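Here are the chains, one letter per residue:
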Amino acid sequence: MSAPFDFSHPELDALRLDARECQSCPLHARRTHVVFGEGNPHSPLVLVGEGPGEEEDRTGRPFVGRAGKLLDQALLDNSLTREDVYICNTVKCRAADWATGKPVNRAPTDLETAACRKWLLPQLGAIAPQVILCVGAPSAKNLIKKDFKITAERGKYFPCAFARTAIATLHPAYVLRQMNISGDGGYSLLVGDIAKAWEAANKLRLRKAETKPGEDAMSVAETVQLGLEL
Ligand code: URA
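All values derive from a computational prediction rather than experimental measurement. (Residues numbered from 1 in each chain as written. Predicted model: local features only at pLDDT ≥ 70, side-chain atom pairs only at ≥ 80, totals over all residues. Heavy atoms only, no water.)

> So what's going on with the sheet that holds strand β3 (residues 86-89)? Which residues, and what values?
Spatial strand order, β1-β3-β2-β6-β8-β7: six strands in an open sheet with mixed pairing. Two strands in the sheet have a free side with no partner beyond their single neighbour: β1 (38-39) and β7 (157-158). Two elements, β7 and strand β8 (residues 165-169), share two bridges in a ladder whose sense is antiparallel. Its bridge partner being in β8, Phe158 is matched across the sheet by Ala166. Each of β2 (45-49), β3 and β6 (131-135) is contacted by helix α4 (residues 110-127), which is oriented at about 170° to β3, the strand it contacts most. (Pairing = 2+ DSSP bridges. Helix = DSSP H or I, 4+ residues; strand = E, 2+ residues; numbered from the N terminus. Contact = heavy atoms within 4.5 Å. Axes fitted to C-alpha atoms, helices over the stretch in contact; angles between N-to-C directions.)

Dropping the structure here:
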């Protein structure tokens, strides 16, 4: 019988407990749950989305609504499950407008995103993934570069301070909206970007090297980009 997955990670578990008490930005006031993240904390690949929606806020789990189901399908189309990767978000509490009394999801503000880096960055530090897959533009702007252009720059490797390289893909909520307009709405790009990120993450892990002296993040991103042997 094969050994069960070991998803324990004391540093991450302690961080999760601390995050539950967070009041660093206004989002804490209306949240039901802090949606910290889940999956395999020893995975070489971390997916970072935008932030929890209604279902995620209700359940405390990332990507469990309609967009999450599409993400699960895209993982499955790569023969992957949530147990193969770690999934979290740029902000850990639901961002919504309450002006009409009924919450309407919205993108997190710069202030909310900046406040939540106090959880996201140590979280990534504890997991120390080989590759980060930014799911959607807000995540890529937060972790790759401020002026990231998702349609032009998705699917390419970039240097990243929090992993050996990072790559961005379309957000499944965007793909769902596009599917209503035409064709696969970019679903095949989402599946392909996951495949690229997973392959690079495993190649980098196999190579087992910590970044060596003289080997900067840029050279790793370039190496992966060119498909050279790692
Ligand atoms: N969208 C996200 O970006 N994250 C979630 O957890 C759910 C929907």
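> Pulling in residues and values, what's your account of the packing of helix α1 (residues 10-19) against α4?
At a minimum axis distance of 9 Å, the contact between α1 and α4 shows a crossing angle of 165°. The angle between α1 and α4 falls in the class roughly antiparallel. Both α1 and α4 take part in a crossing whose hand is left-handed. Counting all contacts with α1, which are made through Glu11, Leu12, Leu15, Asp18 and Ala19, the residues of α4 involved are Trp119, Pro122, Gln123, Ala126 and Ile127. Grouping the constituent residues of the contact of α1 with α4 by class yields seven nonpolar, one polar and two charged. (Parallel < 35°, antiparallel > 145°, perpendicular 65-115°, else oblique. Left-handed = near helix turned anticlockwise from the far one by under 90°. Nonpolar A, V, L, I, M, F, W, Y, C, P; charged D, E, K, R; others polar.)

> Would you mind going over the site of the ligand in detail, with residue names and values included?
The environment of the ligand is made up of Gly49, Glu50, Gly51, Glu56, Pro62, Phe63, Asn89 and His171. At 2.8 Å, a side-chain N or O of His171 approaches an oxygen atom of the ligand. Protein contact buries 92% of the 240 Å² of open area that the ligand shows by itself. In terms of residue class, the shell around the ligand is made up of two nonpolar, four polar and two charged. (Near = heavy atom within 4 Å. Polar contact = N/O pair within 3.5 Å; in protein donor to acceptor, adjacent residues only side chain to side chain. Areas by Shrake-Rupley, 256 points an atom, 1.4 Å probe, with all protein chains shown as cover.)

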